[in-house]
Amino acid sequence: MATTAVVDAGEGAPDPTVRNLLEQESLKWVFVGGKGGVGKTTCSSILSILLASARQSVLVISTDPAHNLSDAFQQRFTKFPTLVRGFNNLYAMEIDPKVENDDFSNEGMEGFLSELTNAIPGVDEAMSFAEMLKLVQTMDYSVVVFDTAPTGHTLRLLQFPATLEKGLEKMMALKNKFGGLLNQATRLFGLGDELNEDAMLGRLEGMKDVIEQVNRQFKDPDLTTFVCVCIPEFLSLYETERLVQELAKFEIDAHNIIINQVLFDEEAVESKLLKARIKMQQKYIDQFHMLYDDFNITKLPLLPEEVCGVQALQNFSRHFLTPYKPALKRGTVEELELRVSILKSALQEAESELDRLRKGKQVA
Ligand SMILES: Nc1ncnc2c1ncn2[C@@H]1O[C@H](COP(=O)(O)OP(=O)(O)OP(=O)(O)O)[C@@H](O)[C@H]1O
Ligand SMILES: [Mg+2]
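The residue numbering used here restarts from 1 in each chain and proceeds along that chain's sequence as written. A letter from A marks each chain and a number from 1 marks each ligand, given out in the order of writing. This being a predicted model, a pLDDT of at least 70 is required before a residue's local features are given, and a value of 80 or more before pairs of side-chain atoms are given or counted; all residues contribute to the totals for chains, interfaces and linings. Only hydrogens and water are set aside when side-chain values are computed; all heavy atoms of the structure are taken into account.

Asker: Got a sec to walk through the overall build of the chain? Specific residues and values, please.
Answerer: In terms of regular secondary structure, the chain is built from 15 helices and eight strands. Each of the 364 residues in the chain was classed as buried or not, and the buried ones make up 48%. Considering only contacts within the chain whose residues lie at least 6 apart along the sequence, 79% involve residues at least 24 apart. The protein chains shown are the only cover counted for residues, whose accessible areas, like all others here, come from Shrake-Rupley with a 1.4 Å probe. Carbon and sulfur atoms provide 54% of the accessible area of the chain, an area that totals close to 18,500 Å². Helix and strand definitions follow DSSP, with helices as H or I runs of at least four residues and strands as E runs of at least two, each counted in order from the N terminus. Only protein chains enter the calculation, and the probe is 1.4 Å; a residue is then buried if its accessible area is under 20% of its type maximum, exposed if over 50%, and partly exposed in between. Two residues qualify as a contact provided that any one of their heavy atoms is within 4.5 Å of a heavy atom in the partner residue.

Asker: Give me the confidence of the model for the chain: which residues, what numbers.
Answerer: Per-residue confidence for the chain averages 82 on the pLDDT scale, and 76% of its residues sit at or above 70. Per-residue confidence from the predictor is reported as pLDDT, a score between 0 and 100. Across the chain, the secondary-structure element scoring lowest on mean pLDDT is helix H4 (residues 102–106), at 45, and the one scoring highest is strand S7 (residues 256–262), at 98. Overall, residues 1–7 carries pLDDT values under 50, and its contacts beyond four positions in sequence, including any with other chains, amount to 23 contacts. Ignoring residues within four places in sequence, the model shows residues 100–109, a span with pLDDT below 50, making 19 contacts including any to other chains.

Asker: Describe the packing of helix H12 (residues 234–249) against helix H13 (residues 272–291), listing the residues and the values that go with them.
Answerer: Inter-axis angles, ranging from 0 to 180 degrees, are taken between N-to-C directions of lines fitted to C-alpha atoms, where helices are fitted over the stretch in contact. It is at 10 Å that the axes of H12 and H13 come closest, and there the two elements cross at 15°. Classified by the interaxial angle, the pair formed by H12 and H13 is roughly parallel. Every pair of crossing elements has a handedness; the one defined by H12 and H13 is right-handed. Every residue of H13 that contacts H12 at Phe-234, Ser-236, Leu-237 and Thr-240 is listed here: Tyr-284, Gln-287, Phe-288 and Leu-291. Should an angle fall under 35 degrees it is taken as roughly parallel, and over 145 as roughly antiparallel, whereas 65 to 115 is taken as roughly perpendicular and any remaining angle as oblique. Each helix crossing is assigned a hand: it is left-handed if the near helix lies turned anticlockwise from the far helix by less than a right angle, otherwise right-handed if that turn is clockwise.

Asker: Tell me about the pairing of strand S2 (residues 58–62), and please be specific about residues and values.
Answerer: The buried count for S2 comes to five of five residues, which makes it a mostly enclosed element. Every second residue of S2 is oriented toward a common face, with Val-58, Val-60 and Ser-62 on one face and Leu-59 and Ile-61 on the other, all of them buried. Strand pairing requires that DSSP identify at least two bridges connecting the strands. Bridge analysis of S2 against strand S4 (residues 90–94) gives five bridges, and the strand direction is parallel. From the neighbouring strand, Ile-61 faces S4, where its bridge partner is Met-93.

Asker: Mind laying out the packing of helix H2 (residues 40–54) against helix H14 (residues 310–321), listing which residues take part and the relevant values?
Answerer: Orientation of H2 relative to H14, taken along the N-to-C sense of each, is 85°, at an axis distance of 9 Å. Between H2 and H14, the angle is such that the two are roughly perpendicular. Contacts between H2 and H14 involve Thr-42, Cys-43, Ser-45, Ile-46, Leu-47, Ile-49 and Leu-50 on the former and, on the latter, Leu-313, Gln-314, Phe-316, Ser-317, Phe-320 and Leu-321. Here the residues of the contact of H2 with H14 sort into nine nonpolar, four polar and no charged. Under the scheme applied here, ten amino acids are nonpolar (Ala, Val, Leu, Ile, Met, Phe, Trp, Tyr, Cys and Pro), four are charged (Asp, Glu, Lys and Arg), and all others, including Gly, are polar.

Asker: Kindly report on the site of ligand 1, identifying the contributing residues and their values.
Answerer: In the region of ligand 1, 18 residues are neighbours, and Gly-37, Lys-40, Thr-41, Thr-42 and Leu-303 sit closest. For ligand 1, an oxygen atom lies 2.7 Å from a polar atom in the side chain of Lys-40. Pairs of N or O atoms are called polar contacts if they sit within 3.5 Å, as long as, within protein, a hydrogen donor faces a hydrogen acceptor (for residues adjacent in sequence, only side-chain-to-side-chain pairs). Within the contact set of ligand 1, an oxygen atom lies 2.5 Å away from a side-chain nitrogen or oxygen of Thr-42. Broken down by element, the shell around ligand 1 gets its largest block of residues, three residues, from H2. In terms of residue class, the shell around ligand 1 is made up of seven nonpolar, seven polar and four charged. Whether a residue is near a molecule or strand is decided by its heavy atoms; if any one of them lies within 4 Å of it, the residue is near.

Asker: Can you tell me about the pattern of salt bridges, naming the residues and giving the values?
Answerer: Any Lys or Arg side-chain nitrogen located within 4 Å of an Asp or Glu carboxyl oxygen qualifies as a salt bridge. Scanning the model with the defined rule gives four salt bridges in all. Lys-249 serves as the salt-bridge partner of Glu-246, at 3.3 Å between the closest nitrogen and oxygen. Remark: Lys-249 and Glu-246 occur in helix H12; sequence separation between them is three residues, near one turn of the helix. Since its relative accessible area comes to 59%, Lys-249 is described here as exposed.

Asker: Help me get a handle on the UniProt feature "coiled-coil region" (unreviewed entry) in the chain, residues and values and all.
Answerer: UniProt positions are given in the numbering used here, feature names are shortened, and annotations may be inferred rather than shown by experiment. In this structure's numbering, the residues bearing the UniProt feature "coiled-coil region" (unreviewed entry) are residues 333–360. Across residues 333–360, helical content stands at 100% and strand content at 0%; the span's end C-alpha atoms are separated by 41 Å.

Asker: Before we move on, can you summarise the coordination of the magnesium ion (ligand 2) with the specific residues and values?
Answerer: Only nitrogen, oxygen and sulfur atoms count as donors, using a 2.8 Å cut-off from the metal that widens to 3.2 Å for Na, K and Ca. Water is left out, so coordination shells may look unfilled. With distances of 2.0 to 2.6 Å, the protein atoms coordinating the magnesium ion (ligand 2) are Thr-41 (OG1) and Asn-68 (OD1). Taken together, the positions of Thr-41 in helix H2 and Asn-68 in the loop between S2 and helix H3 (69–73) put the pair 27 residues apart, joining distant regions of the chain. Overall, the relative accessible area of 13% leaves Thr-41 in the buried class.

Asker: Tell me what's going on with helix H11 (residues 208–218), and back it up with residues and numbers.
Answerer: Turning to H11, its buried residues number three or more, namely Val-210, Ile-211, Val-214, Asn-215, Gln-217 and Phe-218. The buried residues of H11 occupy an angular sector of 160° when the element is viewed end-on, so they sit on one face. What points out from H11, more than 90 degrees from its buried face, is the exposed set Asp-209 and Arg-216. Each direction from the helix axis to a C-beta atom contributes to the arc, which is the arc of those directions.

Okay, here's the thing in structure tokens:
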């Protein structure tokens, strides 16, 4: 008999829901991240729906080039905030950090930018992310939820203040060292006045305030938190640990873990495969509880169907607030009676199928 899949957190463990996020009124930036395909978009969509009922206005932003907020809400979004259908205070937008640099090319800075990018990898992406944040800050949403791309990409984005600062320092150093030499060189090669490093430097400097402000905000646990989404499997546990350690290094607060796609041993099914998966998941769920006993760990059931559209997201959102309880407890009289009746009807079905086949054969 498979062990029961409901492992509750130990005595005194933090609440196994995301209520803490809804109650933290000062919260301004919520990052949602984790390994590919674990349910980041589903979770950030639902968190933004829940936050919209607690806060004045919410913006959910996808920074994943392979956007799927549009799929989750079944509504097309663009790089500008769009009101989500059915809400009056929830907006969504999808940005692509890599192609946002159109304006650089328009200014003809491509060559210079690519040189700078080679010198400081990620500076172009960091600059467009900073510009986006600058824009979002002027929009004055109460809280902004980021649906991020799989882990590596997210960590790069979180590094952006450091990357930009490094870029600025490097540019300053170059400027001091060579004076107007670079300018002369760009002019010499026919690149025109506005294409010099002064323009680039001006741009980086102009962003310095935003960088410092955002950096301060991201490191302030009253304003910013990171929600780690995972599934109860080894690779996801491993990746979560890596993520939590990196976040600690960047001094970014994280105290919520969502374990998605949990199989609850509640159906009177006799599948050996299912039982083996439940047992395996159980092992990792226990490890999550052991490793992160000071985190709010929320477990979400694996549904038979996808979670698509506002209605489905809203239905699923209740498991974020009330721990999922399987309808059936293994080993009770009620469970055994149910199993016996299910087995009886399965037997009846098989017998009548067999009868039909035998009769068909005789006729043939
Ligand atoms: N608990 C669940 N039960 C059933 N289906 C789920 C569950 N959670 C998510 N899904 C479905 O799984 C698919 C992947 O989920 P989602 O898009 O949220 O993952 P993701 O982590 O954002 O993926 P990616 O890394 O590609 O961005 C979606 O079709 C979603 O509807
Ligand atoms: Mg996604």
